[in-house]
Amino acid sequence: MSDPDISVVICVYTEDRWEDILAAVASVRTQSYPALETLLVVDHNTALLDRLTKEYKEAREVRVFANAGPRGLSAGRNTGIAAAHGEVLAFLDDDAAAERDWLRHFAAAYADPRVMAVGGRTVPIWASGRRPAWFPEEFDWVVGCTYKGIPAGLVRVRNVLGGNASFRRSAFDAAGGFATGIGRDGDKRPLGCEETELCIRLSRARPDAVLLIDDRAVIHHRVPEAREHFGYFRTRAYAEGLSKALVARSVGADKGLESERRYATRVLPAGVVRGLREAALARPGGAGRAGAIVAGVLTAAGGYVVGTVRARRGGATFSVVRIEGDRHG
């Protein structure tokens, strides 16, 4: 595929992020590799739907939709996939802005017909102006950003990260859409992993599929002040454990935890040692970062145990839908 048409899907849910949503759309509209269209999918918020429809009524390349499925990010993305016309679909968080060459780097990777998904690098923008001293880079996934431990450059991976990712349309034809019931679904618990489950399912459906991360495809993601505190860090780590249990249930523990084993046995111990060494040198935050890594691991492990027990008892369910829609209308 050369010069693929790319549809960008941005899922939105709250008017509290109005300025962020406008900035996200603006960053897509000024890409060096133009998007075919930008699809805003509104998650069960009539006021926001009406406001965005009025905002972009004169912009033919921006289309606004209501989430056609149950409340949540996965169903919103599936709505966008069904409505999109592009050969490639890119996903951007509603509180992030893409650098000018974001789509250009995605498009270049799809010259290889084996490539089914391409992700990028997500850089945090801290509300306080700088990273909290205690917050370890190894846990930047807590705030939806690229974390220390992901290899640099253009590399093959098990899964891309959903807030900065793209998929060939045929990937959804082969594997189905995002599973509902795994990721964020409108409640207050910050669940995740829906893109991990999809990518593993895709690799099973298409064993020849290549999934990549290109760290030149950069977006900048806002981290609100509330997420700079240890309370959110702990809550998000616990939710990640719950989500990982569902992923393991869907695709098996071997694949579901393959990357996590390397992360837990190599990346995190190195982070603890580095934090303790910095503490010994009286550098600020070293002991806090080491302690946060240990606490994060234990909290996520606790969530995984609880999630596994719930799954076995049938207390947690999820479903995968086939994507159908008018791609040419």
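As a starting point, this report considers the structure included with it.

Digging into the side chain of Ser27
- In this structure, Ser27 sits in helix H1 (residues 18-29).
- On the accessibility criterion, Ser27 (7% relative accessible area) is buried.
- A polar atom in the side chain of Ser27 sits 3.0 Å from the backbone nitrogen of Ala98.
- The contacts of Ser27, once residues within four sequence positions are left out, are Leu92, Ala97 and Ala98.

Considering the packing of aromatic side chains
- Tallying each qualifying case throughout the model produces 17 aromatic pairs.
- Pairing Phe230 with Phe233 gives two aromatic rings, centres 5.6 Å apart and planes at 20°, and the pair type is stacked. Here Phe230 pairs with Phe233, and both are found in helix H7 (residues 230-251), just three residues apart, close to one helical turn.
- What makes Phe233 buried here is its relative accessible area of 1%.
- Through successive ring pairs, a cluster of aromatic residues spans Trp126, Trp134, Phe135, Phe139, Trp141, Tyr147, Phe230, Phe233 and Tyr263.
- It is Arg51 that lies over the ring of Trp18; its NZ or CZ is 3.8 Å from the centre.

Cut-offs and rules
Residues numbered from 1 in each chain as written. Predicted model: local features only at pLDDT ≥ 70, side-chain atom pairs only at ≥ 80, totals over all residues. Heavy atoms only, no water. Helix = DSSP H or I, 4+ residues; strand = E, 2+ residues; numbered from the N terminus. Buried < 20%, exposed > 50% of the residue type's maximum accessible area, 1.4 Å probe, protein only. Polar contact = N/O pair within 3.5 Å; in protein donor to acceptor, adjacent residues only side chain to side chain. Contact = heavy atoms within 4.5 Å. Phe/Tyr/Trp six-rings, centres within 6.5 Å; stacked < 30°, edge-to-face > 60°. Lys NZ or Arg CZ within 6 Å of the ring centre and 35° of its normal.

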